[in-house]
Amino acid sequence: MQDFENQQVDKERVVLIAVHKDDTDEATFEASLTELEQLVETAGGTVTAVLTQSRRSLDSKTYVGKGKLEEAVATAEEQGADLLIFNDELSPGQISTITNQTGLYIIDRTQLILDIFAGRAASNEGKMQVELAQLNYMLPRLRGQGESLSRLGGGIGTRGPGETKLETDRRHIQKRMDDIRRKLKQVKNRRDQYRERRKEKNVLQFALVGYTNAGKSTILNALTEADTLEENALFATLDPLTRRVELPSGLEVLVTDTVGFIQDLPTALIAAFQATLEEVKEAEVLIHVMDGSHPRAAEQAATVRGLLKELEASHIPALTVVNKRDAVEDEPVVAADKPSISISARKNEDVERLRESMESLLLEQLQPYQVEIPLADGHVMQRFKHETIVREETLDEENESWILSGYVQSDQAIHREIKQYAKGDAGAR
C-alpha cells in the first residue's frame, strides 16, 4: 500500500487555531500546539499559520471569538489555505456555525487523529476499527458539515469511509456500523480462542505500551529482529504485531507491540480498538517505553498511565524503559516509575540488559519449583526448559535423573508435570 503521506503531490496548506484556557499552564498549552503541528505533518499537510487566543473557556458557538474567526478567514486567504484545524474537539453545533461563517473546510484534533489512523491501518481489522470510530464520530456532525462534505480532493480529513458515503443517510451509516461491530465481535472471538490456546501452551506475554513515537517498534525489532516499520513520525505503527522473544534463561515469551498513545486520544477510537487493546490487559508484564530525549517525557508517561487505568490495565506489573539514551548528551533525567532501565534500542548491550530486566520482573510474578526428572524422560526435560525459567540443573548420576530448580506461572498447564516430578516438599508452592 502506498504511504498515505505521499498520495498528494502538493502538501495541503493548513491554518491552526487553538485556545489557551485559563486553567491550562503555558508549557502544557505549547506542548499541545507543537503536537498538533506534528499531527498535521504526519497527515501530509503543512502548517502555514498558527492563531491562538487566551480565554477563560471555549466559545460555545464558534470556539474562538468572532474577531479571531474573521482573522482566521483572512489568514487562510492570504496563505492560500482552505483548511482550518482546531486544537480541541468541536461540538456538532460549533462545526455548523464555524462552517457557515467561514465557508472553509474545518476539522478538529479528534478528526485529524482519526484521519491519520485511517491512513496507517493496514490489516482488515485495523481498517474496520478506524472506520467504526470515524462513523461514530461523524454521525452526529453530518448536519454541521454542510457543503464541506462534498470536498472530494482527497485532502486531510477525507480518508476512511469517504464523505460521499456519509452524505447518503443515517440509516445506511447505522447499518454499516452494526455490520462492522458484528465483524469485530467475530475477531474478538478468534482472539479469545487464541488466548486460550496460548495459555494451554504455557506461553507468557509482554505488551509494549507507550506514547506514540517513543520507540516501541524499534525495541521490538531489536528484541526479535522483526521487520517492523520504524519511522520518526506519530503513529508510525498502528496494527499490533506479536513476536517470540527468548529471555536469558532460554524461556520463550511473546512480545506484542501496541498502538501508541497520545494526549486526548479520542474516546471513540479507544472504544473501537477495544479488541486490540485487550492484548494489553492479557499480558503478564507491560513494557512502558518512554522517549528519554523528549522534554515532556514525564507528562507523556502520565498520559500513558491514565489511559492504562481507563483500560483497566494499571494493575499489571510494568517495566519502565527510558529509550533513546543515545539522543541526549547526559543520562536522561526522567522521573520514571520503578522498576526502570535506561537504554538505547540501537545498542546490542542495552538490549541484552533489557532482556535481563524483563526476566527479573517476570520472576516476581512466578512461583519457585524443584523437580526430579528421570533421564529417560528427556522430552519432559525439554518442556521445562522452554515453558519455565530454569535457574539450576544438576545431574544425579546415582538416581539417573536431572534435578531442576526454577520458576513457573501458577496457572500454567505444566503444573501437572511439576506435581508428578516434584522433589520432596520443594514442588511449586
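Structural notes, computed from the coordinates. Residue numbers restart at each chain and count upward from 1, following the sequence in its written direction. The predicted origin of the model limits local features to residues at a pLDDT of at least 70 and limits the giving and counting of side-chain atom pairs to 80 or more, whereas totals for whole chains, interfaces and linings rest on all residues. Only heavy atoms go into the side-chain values, all of them from the structure, while hydrogens and water stay out.

As for the overall build of the protein
Check the secondary structure of the protein and you find 15 helices and 13 strands. Only protein chains enter the area calculation, which uses a 1.4 Å probe; residues under 20% of their type maximum are buried, those over 50% are exposed, and those in between are partly exposed. Looking at the protein residue by residue over its 429 residues, the buried ones come to 54%. Within the protein, contacts between residues at least 6 apart in sequence are counted, and of these 70% link residues at least 24 apart. Areas reported here follow the Shrake-Rupley algorithm with a probe of radius 1.4 Å; residue values treat only the protein chains shown as occluding. About 20,100 Å² of surface is accessible on the protein, with carbon and sulfur atoms providing 44% of the total. Each helix is a run of DSSP H or I of at least 4 residues and each strand a run of E of at least 2, with the numbering of both proceeding from the N terminus. Contact definition: two residues touch when any of their heavy atoms are within 4.5 Å.

A look at the sheet that holds strand 2 (residues 45-55)
Any two strands with at least two DSSP-identified bridges between them are counted as paired. Spatial ordering of the open sheet is given by 2-1-3-4, a layout of four strands whose pairing is parallel. In this open sheet, the two edge strands, each paired with only one partner strand, are strand 2 and strand 4 (105-108). Here the average twist between neighbouring strands, direction ignored, is 25°. Axis lines are fitted to C-alpha atoms, over the contacting stretch for helices. Their N-to-C directions set the angle, which ranges from 0 to 180 degrees.

Points about helix 12 (residues 297-310)
Here helix 12 is 14 residues long and its end C-alpha atoms lie 20 Å apart, about the 20 Å a rise of 1.5 Å per residue gives. Among all positions in helix 12, only Ala-297, Gln-300, Ala-301, Thr-303, Val-304, Leu-307 and Leu-308 are buried. Considered in projection along helix 12, the buried side chains sweep an arc of 155° and stay on one side of the axis. Looking one or two residues past helix 12, Glu-312 carries a phi angle of roughly 60°, positive in sign. By definition here, a helix of n residues has an expected span of 1.5 Å times n minus one. By construction, the arc corresponds to the directions joining the helix axis to the C-beta atoms.

Re the packing of helix 9 (residues 216-224) against helix 13 (residues 348-363)
The contact between helix 9 and helix 13 brings their axes to 10 Å, and the two run at 90°. Relative to helix 13, the element helix 9 is oriented roughly perpendicular. Contacts from Ile-219, Ala-222 and Leu-223 in helix 9 reach Val-351, Leu-354, Arg-355 and Met-358 in helix 13. Classification convention: Asp, Glu, Lys, Arg as charged; Ala, Val, Leu, Ile, Met, Phe, Trp, Tyr, Cys, Pro as nonpolar; all other residues, Gly among them, as polar. Partitioning the contact of helix 9 with helix 13 into residue classes produces six nonpolar, no polar and one charged. Throughout this description, any angle smaller than 35 degrees is read as roughly parallel, any larger than 145 degrees as roughly antiparallel, any in the 65 to 115 degree range as roughly perpendicular, and the remainder as oblique.

Some remarks on the packing of aromatic side chains
In summary, the pairing rule links any two rings of Phe, Tyr or Trp, Trp by its six-membered ring, whose centres are within 6.5 Å, and it sorts them by plane angle into stacked for under 30 degrees, edge-to-face for over 60 and tilted for everything else. With the rule as written, the count across this model stands at two aromatic pairs. Seen in terms of ring centroids, Tyr-63 and Phe-86 are 5.2 Å apart; in terms of plane orientation they differ by 90°. Their pairing is edge-to-face. Of this pair, Tyr-63 sits in the loop between strand 2 and helix 2 (66-79) while Phe-86 sits in strand 3 (residues 83-86); the two residues are 23 residues apart in sequence, bridging distant segments of the chain. Residue Tyr-63 is classed as buried on the basis of its relative accessible area, which comes to 0%. You can call Phe-86 buried: its relative accessible area is 0%. For the pair Tyr-369 and Phe-384, a centre-to-centre distance of 5.5 Å together with 50° between the ring planes defines the contact as tilted. With Tyr-369 in strand 11 (residues 367-374) and Phe-384 in helix 14 (residues 378-387), this residue pair connects regions lying 15 residues apart in the sequence.

Remarks on the packing of helix 1 (residues 26-42) against helix 4 (residues 109-120)
Across the interface, helix 1 lies against helix 4 with an axial gap of 10 Å and an inter-helix angle of 35°. Regarding helix 1 and helix 4, the two cross each other, and that crossing is left-handed. Contact residues: helix 1 offers Ser-32, Glu-35, Leu-36, Leu-39, Val-40 and Thr-42, while helix 4 offers Arg-109, Leu-112, Ile-113, Ile-116 and Arg-120. Counted by class, the contact of helix 1 with helix 4 contains six nonpolar, two polar and three charged residues. Here is the rule for handedness: rotate from the far helix to the near one, and if that takes an anticlockwise turn smaller than a right angle the crossing is left-handed, while a clockwise turn gives right-handed.

As for the pairing of strand 2
Each regular strand displays side chains that alternate between the two surfaces of the sheet. Bridge analysis of strand 1 (residues 12-21) against strand 2 gives ten bridges, and the strand direction is parallel. Residue pairing across strands places Val-14 opposite Val-47, the latter belonging to strand 2. Crossover handedness is defined by viewing with both strands directed away from the observer: a clockwise path from the first strand over the helix to the second marks the crossover as right-handed. As for the winding sense of the linkage, the β-α-β connection from strand 1 through helix 1 to strand 2 is right-handed.

The values are spatial; any link to function lies outside them.
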